[in-house]
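# Architecture at a glance
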Amino acid sequence: MNRRELLKAAAVLPLAQAACSQSTFAQALYPSRNITMIVPFPAGGQADLAARPVAMALERVLGKPVIVDNRAGGGGGSVGNAAAARAEPDGYTLLMTLSSLAVLPEADRLFDRPVAYEVAQFMPIARVLADPTLLAVPASAPWKTAQEFVEDARKRPGQITYGSSGPYGTLHVAMEMFTNSAGIKLMHVPFRGAGPALTALLSGTVQAIAAAPGTLKPQVDDGKLRVLGNCGAQRIASFPDVPTFQELGYKDVEMYIWAGLFAQSSLPAPIATRLREAMAQVMSSPEVLKAFETSGSLVAYQDAPAFSAFVATDSARLIAAVKKIGRVE
């Protein structure tokens, strides 16, 4: 190295050291201000149900406000997911989202649209819930069983309507799995989230919905809705009398609506570790356990390594389902 290069390197070194020191100092103080938790759906759905108890508990653990931001838009939550992907990787913008996270980029590719984000832009922090989707209809509907629903749908192809959280969202994919396996045709009516779709079901705008247990349980308990089938591999404690679709002979139907916390993939390791440690405390707190138990959705906590493996396996299955569904206008 000549004298000029040596002087140039010497001049740059203090700046680099200062930047590194500032970054390390900022990470050591994390968090020093409010944290935003983006929920890419309106209030009332599974992601929102997961986010609010977690945000309150996370606020107590971290000592700074955690603000839930319902940023709905796009099919199945793509707008909020993309906003979180573009945010600074500093731990101050988190994402509480659903299993449709991996499906939506594939749907964009299916339609030759610009991809809003890629799953690789996210770092899994913790899984919160993992419930099977359930088929629900109004309590006043004529169908008392899933078999009666299927028989009627076969007589009237395309006439029974169902709501979803948007094209290729979790609720849409679950229902399409069921209709493909049962050999029936329903009319899909997409909404901006599970909350609006549930409102449409209760008002009679649509006749069926596939949704999470926690979303449905209060309405079932109030006598407003009836659950006909369970998309999981096993029956669940909150609806023990509801058979699985696999029990009913629809072997290809298996769909879970999980909710998990994500950050950006380039989040500094010390902040990621702090968030993981905080979430371990949050997901074992009595308040959070009670909140989810009351809603009918039991905690299904996984730390980052297990959650990352789960996301990879589940995403592969869902992407295959989307390709089977094909283009749906």
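An account of the accompanying structure is given in this report. Given the structure is predicted, the values throughout are model-derived calculations rather than measurements.

### Section: the pairing of strand β5 (residues 134-138)
- Here β5 lies mainly inside the structure; 5 of its 5 residues are buried.
- The pairing of β5 with strand β8 (residues 208-211) spans 3 bridges and is classified as antiparallel. Each bridged residue has a counterpart across the sheet, and for Leu 134 the counterpart in β8 is Ala 211.
- Judged from the 5 bridges that link them, β5 and strand β9 (residues 225-230) form a sheet pairing that is antiparallel. If you follow Leu 134 over to β9, its bridge partner there is Asn 230.

### With respect to the packing of helix α6 (residues 170-182) against helix α11 (residues 304-325)
- The geometry of α6 relative to α11 is characterised by a closest axis approach of 10 Å and an angle of 60° between their N-to-C directions. Relative to α11, α6 is oriented oblique. In this structure, the crossing between α6 and α11 has a hand that is left-handed. For the pair formed by α6 and α11, the contact residues are Val 173, Glu 176, Met 177 and Asn 180 on the first element and Arg 317, Leu 318, Ala 321, Val 322 and Ile 325 on the second.
- Split into classes, the residues belonging to the contact of α6 with α11 amount to 6 nonpolar, 1 polar and 2 charged.

### As for the environment of Gln 264
- As for its position among the elements, Gln 264 is in strand β10 (residues 256-264).
- For the pair formed by Gln 264 and Ser 32, sequence separation is 232 residues and the distance between their alpha carbons is 18 Å.
- Those residues in contact with Gln 264, other than ones at most four positions away along the chain, are Ala 84, Ala 85, Ala 87, Glu 88, Pro 89, Asp 90, Thr 93, Gln 121, Phe 122 and Met 123.
- Only 3.1 Å separates the side chain of Gln 264 from the backbone oxygen of Thr 93, close enough to count as a polar contact.

### Section: the pattern of salt bridges
- The full count for this structure, using the stated rule, is 12 salt bridges.
- Across the pair Asp 152 and Arg 156 runs a salt bridge whose closest N-O atoms are separated by 2.8 Å.
- The exposure class of Asp 152 is buried, given its relative accessible area of 17%.
- Between Arg 276 and Asp 303 there is a salt bridge; the shortest N-O distance is 2.6 Å. With Arg 276 in helix α9 (residues 269-282) and Asp 303 in strand β11 (residues 299-303), this pair connects stretches of sequence that are 27 residues apart.

### Thoughts on the pairing of strand β3 (residues 93-98)
- Most of β3 is tucked away, with 6 of its 6 residues classed as buried.
- In β3, alternate side chains face the same way, and those of Thr 93, Leu 95 and Thr 97 on one face and Leu 94, Met 96 and Leu 98 on the other are all buried.
- Relative to β3, strand β1 (residues 35-39) is paired through 3 bridges, and the arrangement is parallel. Its bridge partner being in β3, Thr 36 is matched across the sheet by Thr 93.

### A few points about helix α3 (residues 78-86)
- Most of α3 is tucked away: 7 of the 9 residues are buried.
- Buried within α3 we find Ser 78, Gly 80, Asn 81, Ala 82, Ala 83, Ala 84 and Ala 85.
- In this structure, the buried side of α3 is in contact with β1, β3, α4 (103-110), β4 (122-132) and β10.

### A closer look at the packing of α4 against α11
- Axis separation between α4 and α11 bottoms out at 9 Å; the angle between their running directions is 30°. The pairing of α4 with α11 is recorded here as roughly parallel in orientation. The handedness of the crossing between α4 and α11 is right-handed. Of α11, the residues touching α4 (which contributes Val 103, Glu 106 and Leu 110) are Leu 318, Ile 319, Val 322 and Lys 323.

### Observations regarding the nonpolar core
- Ranked by size, the top nonpolar core spans 56 residues in total, and within it Met 37, Val 54, Leu 58, Met 96, Val 128, Leu 216 and Met 279 carry the most contacts.
- Per-element accounting of this core gives the leading share, 9 residues, to helix α2 (residues 46-62).
- Ala 82, Ala 83, Val 103 and Ala 146 belong to the second largest nonpolar core, which has 48 residues in total.

Cut-offs and rules
- Each residue is numbered by its place in its chain's sequence as written, counting from 1.
- In keeping with the predicted nature of the model, local features appear solely for residues at pLDDT of at least 70, side-chain atom pairs appear and are counted solely at 80 or more, and the whole-chain, interface and lining totals rest on all residues.
- For side-chain calculations, the full set of non-hydrogen atoms in the structure is used, while hydrogens and water are omitted.
- Type-normalised accessible area, obtained with a 1.4 Å probe on protein chains alone, sets the label of each residue: buried when under 20%, exposed when over 50%, and partly exposed for intermediate values.
- Where helices and strands are cited, they refer to DSSP runs of H or I of at least four residues and of E of at least two residues respectively, numbered from the N terminus.
- Here the rule is simple: two strands pair whenever DSSP picks up at least two bridges between them.
- Every axis in this analysis is a line fitted to C-alpha atoms, fitted for helices over the stretch in contact. Angles between the N-to-C directions lie between 0 and 180 degrees.
- Working rule for angles: under 35 degrees goes down as roughly parallel, over 145 as roughly antiparallel, 65 to 115 as roughly perpendicular, anything else as oblique.
- Take the far helix as your reference; a near helix turned counterclockwise from it by less than a right angle gives a left-handed crossing, and one turned clockwise gives a right-handed crossing.
- A contact between two residues is defined here by any heavy atoms of the two lying within 4.5 Å.
- Under the scheme applied here, ten amino acids are nonpolar (Ala, Val, Leu, Ile, Met, Phe, Trp, Tyr, Cys and Pro), four are charged (Asp, Glu, Lys and Arg), and all others, including Gly, are polar.
- Contacts described as polar in this section are N or O atom pairs within 3.5 Å, which, within protein, must combine one atom able to donate a hydrogen with one able to accept it, while residues neighboring in sequence count only if both atoms come from side chains.
- Any Lys or Arg side-chain nitrogen found within 4 Å of a carboxyl oxygen on Asp or Glu counts as a salt bridge.
- As used in this record, nonpolar core signifies buried Ala, Val, Leu, Ile, Met, Phe, Trp, Tyr and Cys residues forming a set joined through side-chain atoms within 4.5 Å.

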